[in-house]
Amino acid sequence: MDIKSVLEFAVTMGERMLANGCGTHRIEGLIKKILEPCELKNYEVFVTTTGIVVTIESENGVTTMVKQVPKKKMHTEHISLIEDIVNSFANGELSAEEALVELENIESRSTYPYWITVLAYGMAGCFRTLMFGGQIIDGLASILCGVCMGIFIQALNSKNTFTFLVNCCGGFVTGFMAVLLMNFGFGSTLDKIIIGTLMPIAPGVPFVHSVNDILHGDYTSGITRAYEAILTAAAISTGVAFAMMIWSALGGAVL
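**Some remarks on the overall build of the protein chain**
Here is step 1: The secondary structure content of the protein chain amounts to ten helices and three strands.
Here is step 2: Overall, the protein chain is about 75 × 35 × 30 Å in size when its C-alpha atoms are taken along their principal axes.
Here is step 3: Relative to its 255 residues, the protein chain shows a buried fraction of 43%.
Here is step 4: Restricting to contacts in the protein chain with at least 6 residues of sequence separation, those with at least 24 account for 65%.
Here is step 5: In the structure as shown, the protein chain presents an accessible area of about 13100 Å², 62% of it carried by carbon and sulfur atoms.
Here is step 6: Taken together, the 15 basic and 23 acidic charged side chains of the protein chain have centroids lying 8 Å from each other.

As structure tokens, then:
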């Protein structure tokens, strides 16, 4: 077994998992699962929210590989597919070189079409608005707000815009569209429309990962993810607040 290829596979896998929004404790477990079958004298794995460091000690000496992950997204389908590759490697069904090829195939695989992604923002907002007690008209308003928010978010993500601005613009578009629709009589409860529409970009998953990491003793990553969740929530609320301020400055009434 080529130790260098195994190390490259382990670190690349961890990088892809972290980039797709996986928790650090889970990534550490998967990297160890890859390295355990190898005849190594020792190995150390360190995963943070922005990078991965893996050091192995074999008969050829000590080798360290570092990967930085500055940009993250949330893609649970890719996480599941990557974990399947790790399981296949651990069961001896794939070599390290074949596993690396499979990882590249996953990243090159096309995601959902643009229109489905945008529509999903609207439908998710609609169902959550209804779940929070909104009326049918509020759910329909959430669809329009969610679709507009999805278009802006997709456009900003395609330009690799930093996350704070993306979330801030998402909150701004949602807030402005909600008060606009309400003033035209399309909606009955402003807060439920806004809250329901914003749920798809709410930092629920980072917060859960934060708690999970802290419970497993990884305080550095846990606290960092908690700060990330708080910053995301602050960006969203800032965007909504700016929308209300601008609407009021234009002479509109915030119902």
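**A few points about the packing of aromatic side chains**
Here is step 1: Per the stated rule, a full pass over the model turns up three aromatic pairs.
Here is step 2: Both rings, one in Phe176 and one in Trp247, keep their centres 5.5 Å apart while their planes meet at 80°; by these two values the pair is edge-to-face. With Phe176 in helix H7 (residues 163-183) and Trp247 in helix H10 (residues 219-249), this residue pair connects regions lying 71 residues apart in the sequence.
Here is step 3: By way of ring pairs, the aromatic residues Phe172, Phe176 and Trp247 are connected into one cluster.

**Quick look at the layout of surface pockets**
If a probe the size of a water molecule is rolled over the atoms, the empty space left behind becomes visible.
Here is step 1: Considered as a void within the structure, the largest pocket measures approximately 1900 Å³ in volume.
Here is step 2: Elements represented by at least two residues in the lining of the largest pocket include exactly helix H1 (3-19), helix H3 (76-90), helix H5 (114-131), helix H6 (136-158), H7, helix H9 (204-215) and H10.
Here is step 3: Taken together, the residues of the lining of the largest pocket sort by class into 22 nonpolar, 18 polar and nine charged.

**A look at the nonpolar core**
Here is step 1: Core analysis: the largest hydrophobic core is formed by 34 residues, its most contacted members being Phe9, Met13, Ile31, Leu35 and Val54.
Here is step 2: Every element with two or more residues in this core is listed here: H1, helix H2 (24-35), strand E1 (42-47), strand E2 (51-58), H3 and helix H4 (96-108).
Here is step 3: When residues of this core are assigned to their parent elements, the largest contribution, ten residues, is made by H1.
Here is step 4: Aside from chain neighbours lying at most four places away, what touches Met13 is Leu30, Ile31, Ile34, Ile82, Val86 and Leu103.
Here is step 5: In terms of nonpolar packing, the next biggest core, distinct from the first, is built from 22 residues, Val173, Ala178, Met182 and Val240 among them.

**A word on H7**
Here is step 1: Between the first and last C-alpha of H7 there are 30 Å, a value that for 21 residues agrees with the 30 Å anticipated at 1.5 Å per step.
Here is step 2: Positive phi shows up at Gly185, right after H7, with a value of about 80°.

**Examining the sheet that holds strand E3 (residues 61-68)**
Here is step 1: Pairing is antiparallel in the open sheet, where three strands are placed in the order E1-E2-E3. Of all the strands in the sheet, the pair left with one neighbour each is E1 and E3. In this sheet, adjacent strand axes meet at a mean angle of 5° when their direction is disregarded.
Here is step 2: Alignment of E1 against E2, held across six bridges, turns out to be antiparallel. Bridging from a neighbouring strand, Tyr43 pairs with Ile56 of E2.
Here is step 3: Together, E2 and E3 form the strand contacts of H1, whose direction differs from that of E2 by roughly 160°.

**Some details on a negative patch on the surface**
Here is step 1: Judged by side-chain charge, Asp2, Glu8, Glu97, Glu98 and Glu102 come together as a negatively charged surface patch.
Here is step 2: With respect to the helices and strands, the residue Glu98 is situated in helix H4.
Here is step 3: The partly exposed category is assigned to Glu98, whose relative accessible area is 42%.

**Describing a nonpolar patch on the surface**
Here is step 1: Judged by side-chain polarity, Tyr112, Tyr114, Trp115, Ile116, Leu119, Met123, Phe127, Leu130, Ile136, Leu140, Ile151 and Phe152 come together as a nonpolar surface patch covering roughly 1200 Å² of accessible area.
Here is step 2: Elements with a contribution of two residues or more to the nonpolar patch: H5 and H6.
Here is step 3: Sorting elements by how many residues they give to the nonpolar patch places H5 first, with seven residues.
Here is step 4: By the element assignment, Ile116 lies in helix H5.
Here is step 5: Ile116 gets classed as partly exposed once you look at its relative accessible area, which sits at 32%.

**Notes on the side chain of Ser88**
Here is step 1: Here Ser88 is to be found in helix H3.
Here is step 2: Given a relative accessible area of 18%, Ser88 falls into the buried group.
Here is step 3: The residues touching Ser88, leaving out its near neighbours within four places in the chain, are Glu93 and Leu94.

Calculation rules
Residues numbered from 1 in each chain as written. Predicted model: local features only at pLDDT ≥ 70, side-chain atom pairs only at ≥ 80, totals over all residues. Heavy atoms only, no water. Helix = DSSP H or I, 4+ residues; strand = E, 2+ residues; numbered from the N terminus. Buried < 20%, exposed > 50% of the residue type's maximum accessible area, 1.4 Å probe, protein only. Contact = heavy atoms within 4.5 Å. Areas by Shrake-Rupley, 256 points an atom, 1.4 Å probe, with all protein chains shown as cover. Lys, Arg positive; Asp, Glu negative; His and termini not counted. Charge placed at Lys NZ, Arg CZ, Asp CG, Glu CD. Phe/Tyr/Trp six-rings, centres within 6.5 Å; stacked < 30°, edge-to-face > 60°. 1 Å grid on protein atoms, 1.4 Å probe; cavity = no way out; pocket = protein on both sides within 12 Å on 5 of 7 lines; lining within 4 Å. Points joined across faces, edges and corners; volume = space filled by probe spheres on them. Nonpolar A, V, L, I, M, F, W, Y, C, P; charged D, E, K, R; others polar. Core = buried A, V, L, I, M, F, W, Y, C linked by side-chain atoms within 4.5 Å. Expected span 1.5 Å × (residues − 1). Pairing = 2+ DSSP bridges. Axes fitted to C-alpha atoms, helices over the stretch in contact; angles between N-to-C directions. Patch = residues over 30% accessible without salt bridge, like charges linked within 9 Å, V, L, I, M, F, W, Y side chains within 5 Å. Salt bridge = Lys/Arg side-chain N within 4 Å of Asp/Glu carboxyl O.

The values are spatial; any link to function lies outside them.
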